[in-house]
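Chain and residue survey
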Amino acid sequence: MVLAAKQALSAKIGFSNPLSRRNPSSPLQRSPLAASFPSTDLPKRTVLAVSKPLHLSPMRAKPPARREAYEGDKSEPQPIDDAAETKSEAAKKLKIGIYFATWWALNVVFNIYNKKVLNAYPYPWLTSTLSLAAGSLMMLISWAVGIVETPKTDFDFWKTLFPVAVAHTIGHVAATVSMSKVAVSFTHIIKSGEPAFSVLVSRFLLGETFPTSVYLSLIPIIGGCALSALTELNFNMTGFMGAMISNLAFVFRNIFSKKGMKGKSVSGMNYYACLSMLSLLILTPFAIAVEGPQMWIDGWQKALSDVGPQFVGWVAAQSVFYHLYNQVSYMSLDQISPLTFSVGNTMKRISVIVSSIIIFRTTVQPVNALGAAIAILGTFLYSQPHDDPLAVWQSFERARHAVFQSDVELVDFG
């Protein structure tokens, strides 16, 4: 009875019964469709179609179909993915642009108010201390009210941060001393020579090697700074040495920071906040020893009588903007590469130099402006990828012609 049912089923679907194939002598009849094929081909075709369960044949045929359909569906929204990627890239560039614009603007405002304060109140040690104190107070309030998440630190973190804070304190005070003695533009021209200190310290103290193009890029940096120093109308040795010491200190700050802060999970904003607080603790006793409260009180009364109540606003502004521009610069490092940051730092110095010349009406000689342009150009070349020395010098030659044109614009600002 079972065999009869299978025979009937085979006849309906048009295939021969497997039992009749396995036993040719069986009295069971083959289906009419099977009988219509030549006898030599029928057994092979029957074996392929029926020897395995029928449901396996469509399962083997479906994966390519499904894969083609999936790939077809995946290719259709490709323009949408490209558009989303382009939009995301544009948003990222806009964010970086906002960071740079804010960084430069805050730095310009700080330098202007800092120079105004130092002109009326020539006490750079106290001025430096107030800048760090204002930033520390701002961050403590931000942590207390929950605006910024409090960093999770331990003793090892502060121990590692200490040499960074020492170098940061020295660099900060030295730069402020420099700006109290010379023009803001001259201080920043000399500070544009920081890459030269970085290469020399890394080469002779740390044993690091650099491509030839890096050393070649130092030539315009050193030459431009020297030319500006020799032609500076209001040259002051204390101001010049302050800028040079600041360069050296910030180089060591970067070295200590790179070596000691690897693996530390602290954001750029909180990292600089901790750095400011530790630097404040280091600087305060030295500021008291060098200048002292009596000098500060006498100078404060004189500044108020000469400038008026707005002097208090100047001090507050330079203290707040110092912290803000440094905070934004450290936040930028979380979003951009060190190379992009280096280029942005070069452009920041240009904006500070030009704005200070305009606001303070600094007299600039053509040769002095040329030296400044060459030094900044060398800093820009230093910040570029250094794979081909010839390419660096070709870039220098192309930019050299633009330097002479930009000289006229800088001199006109004076």
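Everything numeric in this text was worked out from a predicted model, so none of it was measured. (Residues numbered from 1 in each chain as written. Predicted model: local features only at pLDDT ≥ 70, side-chain atom pairs only at ≥ 80, totals over all residues. Heavy atoms only, no water.)

1. A closer look at the overall build of the protein
Note the threshold: For the purposes of this entry, the term helix denotes a DSSP run of H or I that reaches at least four residues, the term strand denotes a run of E that reaches at least two, and both are numbered from the N terminus. The contact rule is simple, with two residues in contact once any of their heavy atoms fall within 4.5 Å.
Looking only at helices and strands, one finds 18 helices and zero strands in the protein. Across the protein, contacts joining residues at least 24 apart in sequence account for 83% of those joining residues at least 6 apart.

2. Overview of the confidence of the model for the protein
The cut-off we apply is this: The pLDDT value tells you how sure the predictor is about a given residue, anywhere from 0 up to 100.
Here the protein shows a mean pLDDT of 77. Residues at 70 or above account for 70%. Low pLDDT (under 50) marks residues 11-62, which in the prediction has 34 contacts with non-local residues, meaning those over four places away or in another chain. Predicted confidence for residues 388-414 stays below pLDDT 50, and this span has 34 contacts to residues more than four positions away or in other chains.

3. With respect to unusual backbone geometry
Just so we agree on the cut-off: Partly exposed residues are those whose accessible area sits between 20% and 50% of the maximum for their type, while under 20% is buried and over 50% is exposed, using a 1.4 Å probe and protein chains only.
Although it is not a glycine, Arg361 adopts a positive phi angle of roughly 50 degrees. Within the fold, Arg361 resides in the loop between α16 (338-360) and α17 (366-382). A relative accessible area of 68% means that Arg361 is categorised as exposed.

4. Quick notes on the side chain of Asn107
Mapped onto the elements of the fold, Asn107 is located in helix α6 (residues 78-120). By relative accessible area, Asn107 is classed as buried at 0%. Not counting residues up to four positions away in its chain, the partners in contact with Asn107 are His188, Tyr325, Lys348 and Val352.

5. A closer look at a nonpolar patch on the surface
Note the cut-off: Patch membership requires more than 30% relative accessible area and the absence of a salt bridge. Residues of like charge join within 9 Å; the nonpolar side chains Val, Leu, Ile, Met, Phe, Trp and Tyr join within 5 Å. Note that accessible areas follow from Shrake-Rupley with a 1.4 Å probe, and for residues the cover is restricted to the protein chains shown. Within this document, salt bridges are pairs made up of a side-chain nitrogen of Lys or Arg and a carboxyl oxygen of Asp or Glu, the two lying within 4 Å of each other.
Taken together, the side chains of Ile170, Phe235, Met237, Met241 and Ile245 define a hydrophobic patch exposed on the protein surface, amounting to about 440 Å² of accessible area. Counting through the fold element by element, Phe235 comes out in the loop between α11 (212-231) and α12 (237-260).

6. Points about the UniProt feature "transmembrane region" (unreviewed entry) in the protein
To keep it simple, the criterion reads: UniProt positions are given in the numbering used here, feature names are shortened, and annotations may be inferred rather than shown by experiment.
UniProt records the feature "transmembrane region" (unreviewed entry) for residues 96-113, 125-148, 213-231, 237-256 and 268-288 in the present numbering. Helix and strand shares over residues 96-113 are 100% and 0% respectively, and the end C-alpha atoms of the span are 26 Å apart. Helix makes up 100% of residues 237-256 and strand makes up 0%, while its end C-alpha atoms are separated by 28 Å.

7. Quick notes on the pattern of salt bridges
With the rule as written, the count across this model stands at two salt bridges. For Glu194, the salt bridge is made with Arg349, and the minimal N-O distance between the two is 4.0 Å. Of this pair, Glu194 sits in helix α10 (residues 194-204) while Arg349 sits in helix α16, and the two are 155 residues apart along the sequence. Comparing Glu194 with Arg349, the two get one shared label, buried. Between Lys302 and Asp306 there is a salt bridge whose closest N-O contact spans 2.9 Å. In this pair, Lys302 and Asp306 are both assigned in helix α14 (residues 293-307), four residues apart and thus about one turn of the helix distant. Accessibility expressed as a relative area gives 52% for Lys302, which makes it exposed. What makes Asp306 exposed here is its relative accessible area of 53%.

8. Here's the deal with the packing of helix α8 (residues 155-181) against helix α13 (residues 268-290)
Selection criterion: What counts as an axis is a line fitted to C-alpha atoms, over the stretch in contact for a helix, and the angles between N-to-C directions run from 0 to 180 degrees. Throughout this description, any angle smaller than 35 degrees is read as roughly parallel, any larger than 145 degrees as roughly antiparallel, any in the 65 to 115 degree range as roughly perpendicular, and the remainder as oblique. Whether a crossing is left-handed or right-handed is set by the direction in which the near helix is turned from the far one by less than a right angle, anticlockwise for left-handed and clockwise for right-handed. Here the nonpolar group is Ala, Val, Leu, Ile, Met, Phe, Trp, Tyr, Cys and Pro; Asp, Glu, Lys and Arg are the charged ones; every other residue, Gly included, is treated as polar.
At a minimum axis separation of 8 Å, α8 and α13 run at an interaxial angle of 70 degrees. In terms of their interaxial angle, α8 and α13 are classed as roughly perpendicular. Between α8 and α13 the crossing geometry is right-handed. On α13, the residues that touch Phe157, Trp158, Leu161, Phe162, Val164, Ala165, Val166, His168, Thr169 and Val173 of α8 are Tyr271, Tyr272, Cys274, Leu275, Leu278, Ser279, Ile282 and Leu283. Here the contact of α8 with α13 is built from residues that sort into 15 nonpolar, three polar and no charged.

9. Overview of the environment of Gly224
Its location among the elements puts Gly224 in helix α11. For Gly224, a relative accessible area of 0% corresponds to the buried category. It is 8.8 Å that separates the C-alpha atoms of Gly224 and Gly193, two residues lying 31 residues apart in sequence. Those residues in contact with Gly224 that sit more than four places away from it in its chain are Gly371, Ala372, Ile374 and Ala375.

10. What about the packing of aromatic side chains?
Stated precisely, the cut-off is as follows: Aromatic contacts are taken between Phe, Tyr and Trp rings whose centres are within 6.5 Å, Trp giving its six-membered ring; a plane angle under 30 degrees counts as stacked, one over 60 as edge-to-face, and the others as tilted. Counted as over-ring charges are cases with an Arg CZ or a Lys NZ within 6 Å of the ring centre that also lie within 35 degrees of the ring normal.
Under the defined criterion, the tally for this structure stands at 14 aromatic pairs. A ring pair is formed by Phe100 and Trp104, whose centres lie 5.6 Å apart and whose planes are at 25 degrees; its orientation type is stacked. Of this pair, Phe100 and Trp104 both sit in helix α6, four residues apart, which is roughly one turn of the helix. Overall, Phe100 belongs to the buried group, its relative accessible area being 12%. Assessed through its relative accessible area of 24%, Trp104 is described here as partly exposed. When the centroid spacing of 5.5 Å and the interplanar angle of 85 degrees are considered together, the rings of Phe157 and Trp158 count as edge-to-face. A relative accessible area of 3% places Phe157 in the buried class. By way of ring pairs, the aromatic residues Tyr121, Tyr123, Trp300 and Phe311 are connected into one cluster. For the cation-ring pair, Lys116 lies above Tyr113, with the distance from its terminal atom to the ring centre recorded as 5.7 Å.

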